Structures are given as C-alpha cells and as structure tokens.
Amino acid sequence: MSATPLLELRGIDKSFGPVQVLRDVAFAAHPGEVTALVGDNGAGKSTLVKCISGIYPADSGEFLFDGRPVTINSPRDASALGIEVVYQDLALCDNLDIVQNMFLGREKRSGIVLDEPTMEQMAAETLAGLSVRTVKSLRQHVSSLSGGQRQTVAIAKAVLWNSRLVILDEPTAALGVAQTAQVLELVRRLADNGLAVVLISHNMNDVFAVSDRIAALYLGQMVAQVKTTDITHSQVVELITAGRSGNLGLVAEPALSTTGSGAESADTNPGAVR
Ligand SMILES: Nc1ncnc2c1ncn2[C@@H]1O[C@H](COP(=O)(O)OP(=O)(O)O)[C@@H](O)[C@H]1O
Ligand SMILES: [Mg+2]
C-alpha cells in the first residue's frame, strides 16, 4: 500500500543467556495493512513482539518508525510512538467494567476526581468508531462478557490511545467460529482505518482471511515476508515447519536440526540454541 513502512526492523538479535532467540531479524509493518506473523511454538514471535513493545531491549539492530531511526527501551517509549499490544492473556480485570478496563492505569481526571463522563464518552466513541455493536452496556463488568467481546474490549483499549501500530497475539485462539469472524472483521477494520496491524496467529484460515502480508519466523530467523496473494496455504505451512518452501525461506540446509513437528505441536523449540 504505502511505500514507507510505519515500523521497520533490521538486524534484530536477541539472546537470553546462551540461547539466541532472534537472529538478524528484519520485519516491516505498513499502515493500512494487516501483517500476519507466523511461526511454530518457540519460533520467537512473542519475543519479537516484546522487543517491539519495549519489554525486552533487543541486543542489536535498528528500529525505524515512519522512516526515522528510533530507540525503544521501555514500554513507555513504545506507547509514545503509538505502539500498542493486545496480549494473549488480555490483561483485563474481571471485576471492573468496560470503561474502567479501557482506562486502567491511564484514567482521565478532572481535578482530583475521575472524569467518568469523559472516559465513558471516549470509550463509546472508540467502540462506535470500530463499529462494535455487540456490547450492551459500557458499565457491565468484563466478567459478564463472552470471549469475543472481551477480545473486542482489549482491542478497543489498544486503539483508544491514538495508536498507530496495534499488535495482536493470537486474538482468536480461544474463540468459536462466529466470534472469530467478528474479531477478524475488527482486525480488518483497524487496518482499513489506517493503522498498521500485526496479527500473530497459528490459524491459516485466519491468516489468509485477513492479512495483506505474511512474515514467517523459523527458529528465530525471518525466513520470508511476502504478500498474502503471492503465497499458498501449504507454502506457509512449509515455511513454519521447515523454514523454507521452494525458492522461499532458508537457502541452505539449516545448521541445526529441527523438530520436524507440525504447526500444532505443543513442543517448544529451543530457538537457535548454542
Ligand atoms: N525470558 C526468557 N528467558 C529465556 N528463554 C526465553 C524467554 N522468553 C522466551 N524464551 C525462549 O525463546 C524461544 C522463543 O520463544 P517465544 O518468543 O515465546 O516463541 P513463540 O512466541 O514464537 O512461541 C523459546 O525457545 C523460549 O523458550
Ligand atoms: Mg508466543
């Protein structure tokens, strides 16, 4: 879509002690597009997201935002740039209502009291802006919401802060068919509203339904970043499980043995160990 990515990473390395989890990773996310980040368990997806969101500093590499070099050393740096992450475990508080959850830790105040009318209005506008109609009352406790509604609230919370890049970690993993469709529609709408969206997913149907590009991580290396229209389901599965598919991905035989397990394997690969 647009020529300059909103976020571009080059040469990212990240180790935990002796374990190299990310190796020379390049990655780009474009405004108005959904980029699917795929890879087997242990490939390094969550670690890459944590580097982008400032939770783990990368050991080396460059970050460009809007084409300009930036440093992201803390979650605060990431939010200042407009980077928000919706984590797998959602981090919503069951005993709080929707508005309270959306403003948790960033409450609006009027003097020393909470500015409830403003927060409620901003929450309502954000949900309306995302065409969310499934939530009955903004004052209902999150515990009373369905999985899909909870995901919706978590996403709305992420876009409330003039965010420009939203990263979603497996947003449909725990959802049924109808709720998955709703959440994917919402993911598409975020991109259509001009945001850069990164979707981590194991589900090939979701990836092909909603993404514009696919980035595949294999044992800590980025083995392909291609337009979704230029690749097939089975090629993506090969990239995930073997690190290459035809002329895509790793050119040489990987130096380290692989688990050879499928994408659904519960085993975790130890990354590029040693
Ligand atoms: N804090 C950590 N300390 C040590 N190793 C870690 C840490 N976080 C992740 N790893 C390792 O890094 C590798 C990649 O993990 P992760 O990024 O969670 O993969 P994914 O999200 O693709 O499943 C795994 O081998 C995992 O055990
Ligand atoms: Mg993960």
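This text gives an overview of the structure that appears in the document. Since the model is a prediction, treat every value here as computed from it, not as a measurement. (Residues numbered from 1 in each chain as written. Chains lettered and ligands numbered in written order. Predicted model: local features only at pLDDT ≥ 70, side-chain atom pairs only at ≥ 80, totals over all residues. Heavy atoms only, no water.)

Regarding the overall build of the chain
Stage number 1. Per the secondary structure count, the chain includes eight helices and 15 strands.
Stage number 2. Residues counted as buried form 49% of the 274 residues belonging to the chain.
Stage number 3. Within the chain, residue pairs in contact and separated by at least 24 positions form 66% of the contacts whose partners lie at least 6 positions apart.
Stage number 4. Accessible surface for the chain amounts to roughly 12600 Å². Of this, 51% is attributable to carbon and sulfur atoms. (Helix = DSSP H or I, 4+ residues; strand = E, 2+ residues; numbered from the N terminus. Buried < 20%, exposed > 50% of the residue type's maximum accessible area, 1.4 Å probe, protein only. Contact = heavy atoms within 4.5 Å. Areas by Shrake-Rupley, 256 points an atom, 1.4 Å probe, with all protein chains shown as cover.)

Some points on the pattern of salt bridges
Stage number 1. Counting across every chain of the model gives twelve salt bridges.
Stage number 2. Linking R150 and D94 is a salt bridge whose minimum nitrogen-to-oxygen distance equals 2.8 Å. With R150 in helix α5 (residues 147-159) and D94 in the loop between β6 (83-86) and α3 (98-102), this residue pair connects regions lying 56 residues apart in the sequence.
Stage number 3. Owing to a relative accessible area of 40%, D94 belongs among the partly exposed residues under this scheme.
Stage number 4. Across the pair E120 and R139 runs a salt bridge whose closest N-O atoms are separated by 3.0 Å. Here R139 lies in the loop between α4 (116-129) and α5 and E120 lies in helix α4, a separation of 19 residues in the sequence.
Stage number 5. Take E120: its relative accessible area is 33%, and that puts it in the partly exposed class.
Stage number 6. R139 gets classed as partly exposed once you look at its relative accessible area, which sits at 30%.
Stage number 7. Ionic contacts of the salt-bridge type, sharing partners, join the residues D97, E116, E120 and R139 into one network. (Salt bridge = Lys/Arg side-chain N within 4 Å of Asp/Glu carboxyl O.)

With respect to helix α8 (residues 233-242)
Stage number 1. Along α8, the positions that sit buried rather than exposed are V236, L239 and I240. Looking straight down α8, one finds that the buried residues subtend no more than 95° of arc, so they occupy a single side.
Stage number 2. Just past α8, the residue G243 takes up positive phi, approximately 80°. (Arc of directions from axis to C-beta.)

Structural notes on the nonpolar core
In a soluble, globular protein the nonpolar side chains are often hidden away together inside.
Stage number 1. Formed by 37 residues in total, the largest nonpolar core has its most connected members in I98, M102, F103, V166, L168, L190 and V197.
Stage number 2. Going through the elements one at a time, α3, α4, α5, β9 (165-169), α6 (177-192) and β10 (196-200) are the ones with two or more residues in this core.
Stage number 3. Structurally, this core is a two-domain feature, drawing no fewer than three residues from each of domain 1 (7-82 + 164-268) and domain 2 (93-161).
Stage number 4. Setting aside its immediate chain neighbours within four residues, V166 contacts E84, V86, A158, V159, L190, L195, A196, V197 and V198.
Stage number 5. Within the second largest apolar cluster, 29 residues are counted, among which are L22, A29, F63 and F65. (Core = buried A, V, L, I, M, F, W, Y, C linked by side-chain atoms within 4.5 Å. Domains from an automatic or database assignment.)

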